[in-house]
Amino acid sequence: MTLKEAYNYGVYFLSCNGIDEADFKSLCLVCHLAGIKNSQFPQHQQDDVIMKKFADLLWRVKIGEPLQYVIGKWDFYESTFFVGKGVLIPRPETEELVDYAIRYIQTLSAPVIFDLCAGSGCIGLSIAKACPDSIVYLIEKSPDAVFYLMKNAQGIQNAKVICGDIADDFDLPCADVIISNPPYIKSADIPNLQKEVLEEPVMALDGGKDGLDFYRIINDNWSVKLKNSGRLFLEIGESQGNDIHSVLTEFKNIEVIKDMYNNERMVVAQKKD
């Protein structure tokens, strides 16, 4: 079977099984199997593909496994990150947070960065690559996520991986910047999430009763680890823009920024003097 025939079959199969974005997901799967980028598909449509392998991938998507887990990696910012069961999938909204942070960090000299709840490392490692004179400490408590974090961090000399809970204390130098995409979904809302999202680790989603538990930890435990006038960059839930002001009591100049979908998604704040 050719790549084009496999792609067409994949679109048909996924559509018939009620899978959204069937054309995009089929394209990602055939290109993954062929070892090419999606953009290279037009030049490789007549290449052969082993249908049994493709069918196995289609079935995994059909039963609800996230596309990113099936492929085993996903593009984020300017890199590709290994992902799999047990780690949060990188999302485009988070790229915007990274871009905001990098533009600020590049104005600093030899900065120290903390990436809290680092997951796959997509945030902190993207910063480490873009800002080679920085030192980025990536803190993550899930052993499953740390597996991918360590794998993604290989060869990045200015990235330091720490397996630990951000509720604990760490002997680290004071930071110029703290950045985090912590769990922020209300516990009661977890069961109502999309099927694919529920395949991701609950630990990376559940932000407690009001979704703000981890922001409180960052405010109470980590503000003291920021240098005077240090900056905080956070991703938040789209309904948390107002509440975050009352949580970040150790910060000033709190700015809530909308993402590409016009949802309140990012917070930038400055430590109080």
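Residues numbered from 1 in each chain as written. Predicted model: local features only at pLDDT ≥ 70, side-chain atom pairs only at ≥ 80, totals over all residues. Heavy atoms only, no water.

What to know about the environment of Leu226
- Its location among the elements puts Leu226 in strand S7 (residues 226-235).
- Taking the C-alpha atoms as reference points, Leu226 and Ile178, 48 residues apart in sequence, are found 7.4 Å from one another.
- The residues contacting Leu226, other than those within four sequence positions of it, are Ala175, Asp176, Val177, Ile178, Arg231, Phe251 and Lys271. (Helix = DSSP H or I, 4+ residues; strand = E, 2+ residues; numbered from the N terminus. Contact = heavy atoms within 4.5 Å.)

Side note on helix H8 (residues 213-222)
- Within H8, burial applies to Phe214, Tyr215, Ile218, Asn219 and Trp222. An end-on view of H8 places all buried positions within 140° of arc, on one side of the element.
- As for H8, its buried residues are in contact with strand S3 (112-116), strand S4 (135-140), strand S6 (175-180), S7, helix H9 (243-247) and strand S8 (251-258). (Buried < 20%, exposed > 50% of the residue type's maximum accessible area, 1.4 Å probe, protein only. Arc of directions from axis to C-beta.)

Observations regarding the packing of helix H5 (residues 92-105) against helix H6 (residues 122-130)
- Packing of H5 against H6 leaves a shortest axis separation of 10 Å and a crossing angle of 35°. The handedness of the crossing between H5 and H6 is right-handed. Counted together, Thr94, Leu97, Val98, Ala101, Ile102 and Ile105 of H5 and Ile123, Ser126, Ile127 and Ala130 of H6 form the full contact between these two elements.
- Residue composition of the contact of H5 with H6, grouped by class: 8 nonpolar, 2 polar and no charged. (Axes fitted to C-alpha atoms, helices over the stretch in contact; angles between N-to-C directions. Left-handed = near helix turned anticlockwise from the far one by under 90°. Nonpolar A, V, L, I, M, F, W, Y, C, P; charged D, E, K, R; others polar.)

Let's talk about the pattern of salt bridges
- By the definition in use, this model includes 15 salt bridges.
- Here Asp99 and Arg103 are joined by a salt bridge, their closest N and O atoms 3.5 Å apart. Of this pair, Asp99 and Arg103 are both found in helix H5, 4 residues apart, which corresponds to roughly one turn of the helix.
- Judged by relative accessible area, which is 28%, Asp99 ranks as partly exposed.
- Of the charged contacts, one joins Asp210 and Arg216 as a salt bridge, the two residues approaching to 2.4 Å between their closest N and O atoms. (Salt bridge = Lys/Arg side-chain N within 4 Å of Asp/Glu carboxyl O.)

Side note on the sheet that holds S3
- What the 7 strands build is an open sheet, ordered S5-S4-S3-S6-S7-S9-S8; its pairing is mixed. Where the open sheet ends on each side, the last strands, each with one partner, are strand S5 (159-163) and S8. Taking each pair of neighbouring strands and ignoring which way they run, the sheet shows an average axis angle of 15°.
- The pairing of S4 with S5 spans 5 bridges and is classified as parallel. Pairing of Val136 across the sheet is with Ala159, part of S5.
- Running over the sheet, H6 touches S3, S4, S5 and S6 and is turned about 170° from S4.
- Where H8 meets the sheet, its contacts fall on S3, S4, S6, S7 and S8, and the angle it forms with S7 comes to roughly 170°. (Pairing = 2+ DSSP bridges.)

Quick look at the nonpolar core
- Formed by 33 residues in total, the largest nonpolar core has its most connected members in Phe114, Leu116, Ile166, Tyr215, Trp222, Leu232 and Leu248.
- Listing elements by their share of this core, those giving two or more residues are S3, S4, S6, H8, S7, H9, S8 and strand S9 (264-271).
- Here the element with the most residues in this core is H8; it accounts for 4 residues.
- For Phe114, the residues in contact, after removing those within four places along its chain, are Tyr137, Leu172, Pro173, Ala175, Val177, Ile178, Ile179, Trp222 and Lys225.
- One finds Phe81, Leu97, Ile179 and Ile257 within the second-largest nonpolar core, a separate group that totals 27 residues. (Core = buried A, V, L, I, M, F, W, Y, C linked by side-chain atoms within 4.5 Å.)

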